[in-house]
Structure formats: structure tokens, C-alpha cells
Amino acid sequence: IATFVTMGWLIATRAARGAHRTDDRPQDVVAAAIVDDGRVLLAQRAHPAELAGKWELPGGRVESGETHATALTREIREELGAEIEVAGRIGAEVTHPNGLMLYAYRARLRSGTPAALEHLDMQWFSADELRRLDLDDVVPADRDWIPELCAVLDDA
Ligand code: DCM
């Protein structure tokens, strides 16, 4: 009986994964802490419904064949219409409940003026403004990054 229960569990978990994943590696999501003039750029998500209106570090999924830096540069070009230079990691990686792994990187603008092309809005936040931000208004996965973002801005 234990064998059948184990087999059933294996089939069920594989089917559940297969519904949104094609392999067993956790999929990486990269997000940019673009810092300029002592402020960091946050963007307000447009979707899905449960995250709509919440602030995040802009970014997205790493596609096959991309490095974190090339993926992040592409995502920021698509989402904000600006070119960035990606620097070092900031904060710890975050495991998303749906199995995604999120990584935040410092970045600075190379060219272009960011605009909310795919977000509801965007805003530059000073360290003080970040400290006053209600965490309920931040995408859950990004909340743990706020203290280190404040520290980076305090040093900037
Ligand atoms: N995501 C997140 N925080 C970010 C960027 C993305 O929690 N700063 C999550 C939201 C989605 C997934 O990663 O579940 C993919 O992001 P997107 O929909 O922007 O491609």
C-alpha cells in the first residue's frame, strides 16, 4: 500500500509541476534596484489581481540561455524603456510560494528615462520614503529587501 501511495504522490506532484513548469529547476526571477540621485525606483504592478497596485522592484523571469544580467537588462528595456548597467546582488534570494527564486541586483541608468510602460505607475523613493512605505503596499516577495534598500540609499 505504501508503494501505491508513494506512486500516487509522485504522479500528482509531477502533474502539478507540469501544469506550469517544463523542468525541475526552480525558475529564476531577477529584479532591479535602480538607484539614481539617492533614490530607488519602484514600480506598481498591474497584474495579477492580487498583486495589482503593489510596489515591486521591476524585473521578470530569466529565459533559457540568459544570464541574470542580460535578463534584467532586457526586462528593464521592455518594462521601463531604459538601459541599465547591472551591479552586485542586494539582499538575500527569496523563494516564492510558487517555486520561483527571486534575486535583486543593484543597477544604475545608462540611458533613457524610465517610464511605466507595463506598470500602473512608478516612483523614485528616498530612504525616508521607503521607511514610511506601508509593507502591505509592497509585493510580498520584495518586502524583505526594503531594509537593505534603505541601507544602500543611506550610503548613496
Ligand atoms: N515577482 C515578484 N517580485 C518582483 C518581480 C517579480 O514577486 N520584483 C514575481 C511576480 C510573478 C513572477 O515573479 O509571480 C514573474 O514576474 P512577472 O509577472 O513580472 O514576469
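Residues numbered from 1 in each chain as written. Predicted model: local features only at pLDDT ≥ 70, side-chain atom pairs only at ≥ 80, totals over all residues. Heavy atoms only, no water.

A. Focus on the overall build of the chain. In terms of helices and strands, the chain carries four helices and seven strands. Taking all 156 residues of the chain together, the buried fraction comes to 39%. Put simply, of all contacts in the chain between residues at least 6 apart along the chain, 66% involve residues at least 24 apart. (Helix = DSSP H or I, 4+ residues; strand = E, 2+ residues; numbered from the N terminus. Buried < 20%, exposed > 50% of the residue type's maximum accessible area, 1.4 Å probe, protein only. Contact = heavy atoms within 4.5 Å.)

B. View of the pattern of salt bridges. Scanning all chains against the criterion turns up 12 salt bridges. Because the salt bridges share partners, they merge into one network encompassing E63, E66, R74, E75 and E78. (Salt bridge = Lys/Arg side-chain N within 4 Å of Asp/Glu carboxyl O.)

C. Layout of the side chain of E75. With respect to the element layout, E75 can be found in helix α2 (residues 68-80). Dropping the residues within four chain positions of it, E75 is found in contact with G59, G60, R61 and L80.

D. Representation of the packing of aromatic side chains within the structure. Tallied over the full model, the rule gives one aromatic pair. With 5.2 Å between their ring centres and 80° between their planes, W55 and F125 make a pair best called edge-to-face. Placement of the pair is W55 in strand β3 (residues 55-56) and F125 in strand β7 (residues 121-125), with a sequence separation of 70 residues. By the burial criterion, W55 is buried, and F125 matches it. (Phe/Tyr/Trp six-rings, centres within 6.5 Å; stacked < 30°, edge-to-face > 60°.)

E. Fine view of α2. Here α2 is 13 residues long and its end C-alpha atoms lie 17 Å apart, about the 18 Å a rise of 1.5 Å per residue gives. When α2 is considered as a whole, its buried residues turn out to be H68, A71, L72, T73, R74, E75, I76, E79 and L80. Its buried side turned inward, α2 meets β1 (28-36), β2 (39-44), β4 (59-61), β5 (83-95), β6 (101-111) and β7. Immediately downstream of α2, the backbone of G81 shows phi near 70°, a positive value. (Expected span 1.5 Å × (residues − 1).)

F. Looking closely at unusual backbone geometry. For the bond from H47 to P48, the omega torsion is -10°, close enough to zero to count as cis. By the element assignment, P48 lies in the loop between β2 and β3. Of note, D37 is a non-glycine position whose phi angle comes to about 55°, a positive value.

G. Region of interest: the site of the ligand. Around the ligand, the surrounding shell holds 15 residues, and the nearest of these are R45, E56, L57, L102 and D142. Within the contact set of the ligand, a nitrogen atom lies 2.7 Å away from a backbone nitrogen or oxygen of L57. A distance of 2.7 Å separates a nitrogen atom of the ligand from a polar atom in the side chain of D142. Burial of the ligand by the surrounding chains reaches 86%, relative to a free accessible area of 450 Å². For the shell around the ligand, the elements supplying multiple residues, two or more each, are β1 and β4. Sort the elements by how many residues they give to the shell around the ligand and β4 lands first, with three residues. Here the residues of the shell around the ligand sort into seven nonpolar, four polar and four charged. (Near = heavy atom within 4 Å. Polar contact = N/O pair within 3.5 Å; in protein donor to acceptor, adjacent residues only side chain to side chain. Areas by Shrake-Rupley, 256 points an atom, 1.4 Å probe, with all protein chains shown as cover. Nonpolar A, V, L, I, M, F, W, Y, C, P; charged D, E, K, R; others polar.)

H. Spotlight on the environment of E50. Within the fold, E50 resides in the loop between β2 and β3. For E50 and V139, which are 89 residues apart along the polypeptide, the C-alpha to C-alpha distance reads 9.4 Å.

I. Seen up close, the nonpolar core. The biggest cluster of nonpolar side chains holds 25 residues, and the ones touching the most others in it are V40, L57, L130 and L149. Per element, the largest residue contribution to this core is five residues, and it comes from helix α4 (residues 146-155). When sequence neighbours within four positions are dropped, the list of residues in contact with L130 reads V40, L42, F125, I146, L149, C150 and L153. Counting residues in hydrophobic clusters, the runner-up holds 18 residues, among them I34, A71, I76 and I84. (Core = buried A, V, L, I, M, F, W, Y, C linked by side-chain atoms within 4.5 Å.)

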